[in-house]
Amino acid sequence: MRVTMLGSGTSTGVPVIGCTCSVCTSDNPRNKRWRAGLRLELERGVALVDTPTDFRAQALRYGVHRVDAVLFTHAHADHVFGLDDLRIFNFRQRTAIRCYASAPTLAMLRRYFAYAFEDGQEGGGKPMLDLVEVREPFDLLGRRIVPVPVWHGELEVYGYRLGDFAYVTDCSRIPEESFRLLEGVRTLVLGALRYRPHPTHFTVEEAIQAAARIGAERTFLTHLTHDIDHDAPAVPLPPGVGFGYDGLTLEVD
Ligand SMILES: [Zn+2]
Ligand SMILES: [Zn+2]
Ligand SMILES: [Zn+2]
């Protein structure tokens, strides 16, 4: 399986509109961060994790030519507001796209994108989505997918595990049962917002602690703000832990 980080940024993206800080004005492409999401290229098809606000630009830059399914972590704006651009894949593939999520996330998608689930709208042109509620492990495109519930402040969101790989973003606490679901993960992408504490996201140091407990061989931090200069970490990153970046690709089992 090949994983592409379509975006590694927090909800504002980096650069932040109008910001003149050293990261936002940096020439380093690794300090330019679209909103967080992944492409998973599996033997039998392509799945996305989330449809970030920047999805159209991400699809063009990283050559997303097909989408067979979407795994949603939660329905915050930065993770879902690229959803309408799934239409292109409906048109080209001539089929609806299966969208997997928790019941509360699906309920929010139905509200935010009500037009997609109602009759009407002259000319059509709406995304065609099959919403599938998941809580337990399920099979998709020949792979076993394990939802990993974690806390994002008071909101329960999903990470997802596929084999040796796991993606856990927008997280401030991992419950014991979910640490168990992550046992044996070898490649981890984990959300870490910034250095200063935040009520609904891990700091870099909290993410490092969680990563140490999970014990993956390599961990990439994602969902980063403009406080993070890719090439100049303000705290030491232990061996095997690094900042993710847009376009990072990983080959995993
Ligand atoms: Zn987010
Ligand atoms: Zn800035
Ligand atoms: Zn969120």
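Conventions and cut-offs
Residues numbered from 1 in each chain as written. Chains lettered and ligands numbered in written order. Predicted model: local features only at pLDDT ≥ 70, side-chain atom pairs only at ≥ 80, totals over all residues. Heavy atoms only, no water. Donors = N, O, S within 2.8 Å, 3.2 Å for Na, K, Ca; no water. Tetrahedral: all angles 85-135°; square planar, octahedral: opposite > 155°, others 65-115°. Salt bridge = Lys/Arg side-chain N within 4 Å of Asp/Glu carboxyl O. Buried < 20%, exposed > 50% of the residue type's maximum accessible area, 1.4 Å probe, protein only. Helix = DSSP H or I, 4+ residues; strand = E, 2+ residues; numbered from the N terminus. Pairing = 2+ DSSP bridges. Axes fitted to C-alpha atoms, helices over the stretch in contact; angles between N-to-C directions. Contact = heavy atoms within 4.5 Å.

Colleague: Which residues make up the coordination of the zinc ion (ligand 3), and what values go with them?
Modeller: Angles at a metal have ideal values that depend on geometry: 109.5 degrees with four tetrahedral donors, 90 or 180 degrees with six octahedral donors. Protein coordination of the zinc ion (ligand 3) is provided by H74 (NE2), H76 (ND1), H152 (NE2) and D170 (OD), with donor distances spanning 2.2 to 2.3 Å. Of note is the zinc ion (ligand 3), whose four donor atoms meet at the metal with angles of 90 to 173° in an arrangement that counts as irregular. In primary sequence terms, the donor set of the zinc ion (ligand 3) follows H-x1-H-x75-H-x17-D. A distance of 3.4 Å spans the gap from the zinc ion (ligand 3) to the zinc ion (ligand 1), which D170 bridges by coordinating each metal.

Colleague: For the pattern of salt bridges, give the residues involved together with the corresponding values.
Modeller: Once their charged atoms are close, side chains differing in charge can pair, the charge on each being opposite to the other. All told, the structure shown has twelve salt bridges when counted by the stated rule. Across the pair D139 and R144 runs a salt bridge, and its minimum N-O distance is 3.2 Å. With a relative accessible area of 47%, R144 lands in the partly exposed category. One salt bridge in this structure joins D227 and R196, with 3.2 Å as the shortest N-O distance. Taken as a pair, D227 in the loop between β12 (218-222) and β13 (241-243) and R196 in the loop between β11 (187-191) and α7 (204-214) lie far apart in primary sequence, 31 residues in all. Judged by relative accessible area, which is 48%, R196 ranks as partly exposed. If you follow the salt bridges from partner to partner, you end up with R2, R39, E41 and E251 in one network.

Colleague: Report on the sheet that holds strand β3 (residues 45-49), specifying residues and quantitative values.
Modeller: The strand order across the open sheet built from seven strands is β6-β5-β4-β3-β2-β1-β14, with neighbouring strands paired in mixed fashion. Single-partner strands in this sheet number two, and they are β6 (129-133) and β14 (249-251). Mean inter-strand twist for the sheet, computed between neighbouring axes without regard to direction, equals 20°. Direction of pairing for strand β1 (residues 2-7) relative to strand β2 (residues 37-42): antiparallel, over a ladder of five bridges. Residue pairing across strands places V3 opposite L40, the latter belonging to β2. Most of the contacts of helix α1 (residues 55-62) go to β1, to which it runs at about 135°, and overall it touches β1, β2 and β3.

Colleague: Help me get a handle on the coordination of the zinc ion (ligand 2), residues and values and all.
Modeller: Around the zinc ion (ligand 2), the protein supplies C19 (SG), C21 (SG), C24 (SG) and H226 (ND1) as donor atoms, at distances of 2.0 to 2.3 Å. Around the zinc ion (ligand 2) sit four donor atoms, and with donor-metal-donor angles ranging over 105 to 114° the site reads as tetrahedral. Under the relative-accessibility criterion, C21 is labelled partly exposed at 24%. On the accessibility criterion, H226 (25% relative accessible area) is partly exposed.

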